[in-house]
Amino acid sequence: LERYRPAAVTAYQRNLALSRRRTFVTRVRAFLVANAVAVVRVHVGGDFYSRGYAYKWLRVMRRSPRVRFFFYTRSWRVCAIKAVIDRMARLPNCVVWYSADRDTGVPAEVPPGVRVAWLSVAEGDVPPEGTDLAFRIRRLRRAPAPSGGTPVCPAEDGVPRSRRVTCEVCGRCWHAAPAPGRTALPVLDSPCSPRPSAS
């Protein structure tokens, strides 16, 4: 992305510098209030790069109980950061997704409140057991996703629809997970101990 959009590099560098300021939490809170933000995806690209930075987001989330936060993270592999992420998962206004693929594998331990998203990067890259949602790289989205198994993001499942699927219309990523043993109604037409098994 940065190669094709040089302005993105400047924006990312500015955002990184802002994230390191002591005023980060106050500034983010002020933005959320001023713009009446209801849902925040933390990091469209990027991740929690340190325990301190993750803790700043935890403070923002605690101070913004009416805002729904959600994010995908691979920082579950860094124990110090994972400890903060798992605290976020206990908040009623935060939905945490551990991000996984063939390189990371499925996390051995997934705390309550955390779901696992799988990125399929090649034909036959089927999400393994223990994953809750799958995403597919652009090339794979042309063909319908195999039925059964882990559901695929409706915007990437290759199923033709009369209406374009957007995150705003779907909302699956930031809605609370259905209670165990219950099936959610469809919204659209068609390294740090083992994960507890569903009962």
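Just so you know, these numbers come straight off a predicted model, no measurement behind them.

Visitor: Go over the packing of aromatic side chains, please, and point to the residues and values.
Guide: One pass over the full model with this rule turns up eleven aromatic pairs. On the numbers, 5.6 Å between centres and 75° between planes, the contact of phenylalanine 24 with tryptophan 57 is edge-to-face. Of this pair, phenylalanine 24 sits in helix α2 (residues 24-34) while tryptophan 57 sits in helix α3 (residues 51-62), and the two are 33 residues apart along the sequence. As far as burial versus exposure is concerned, phenylalanine 24 and tryptophan 57 are alike and both buried. Taken together, the ring pairs in this structure connect Phe24, Phe48, Tyr49, Tyr53, Trp57, Phe69 and Phe71 into an aromatic cluster. Between arginine 20 and the ring centre of tyrosine 49, over which it is positioned, the NZ or CZ distance is 5.7 Å.

Visitor: If you had to explain the confidence of the model for the protein to someone new, which residues and values would you point to?
Guide: Looking at the protein as a whole, the pLDDT averages 86, with 87% of positions reaching at least 70. Mean pLDDT across the secondary structure elements of the protein bottoms out at helix α5 (residues 167-170), with 82, and peaks at α3, with 98. Confidence drops under a pLDDT of 50 for residues 181-190, and excluding neighbours within four residues, the segment shows eleven contacts in the predicted structure. Confidence drops under pLDDT 50 across residues 193-199; counting only partners more than four residues distant or on other chains, this segment forms eleven contacts.

Visitor: Describe in detail α3, supporting the description with residues and values.
Guide: Compared with an ideal rise of 1.5 Å per residue, which puts twelve residues at 16 Å, α3 spans 16 Å between its outermost C-alpha atoms and is within 8% of the ideal. Every buried residue of α3 is listed here: Tyr53, Ala54, Lys56, Trp57, Leu58, Val60 and Met61. Against α1 (6-19), α2, β2 (68-73), α4 (79-89) and β3 (94-100) lie the buried residues of α3.

What counts and how
- Residues numbered from 1 in each chain as written.
- Predicted model: local features only at pLDDT ≥ 70, side-chain atom pairs only at ≥ 80, totals over all residues.
- Heavy atoms only, no water.
- Phe/Tyr/Trp six-rings, centres within 6.5 Å; stacked < 30°, edge-to-face > 60°.
- Helix = DSSP H or I, 4+ residues; strand = E, 2+ residues; numbered from the N terminus.
- Buried < 20%, exposed > 50% of the residue type's maximum accessible area, 1.4 Å probe, protein only.
- Lys NZ or Arg CZ within 6 Å of the ring centre and 35° of its normal.
- pLDDT = per-residue confidence, 0-100.
- Contact = heavy atoms within 4.5 Å.
- Expected span 1.5 Å × (residues − 1).

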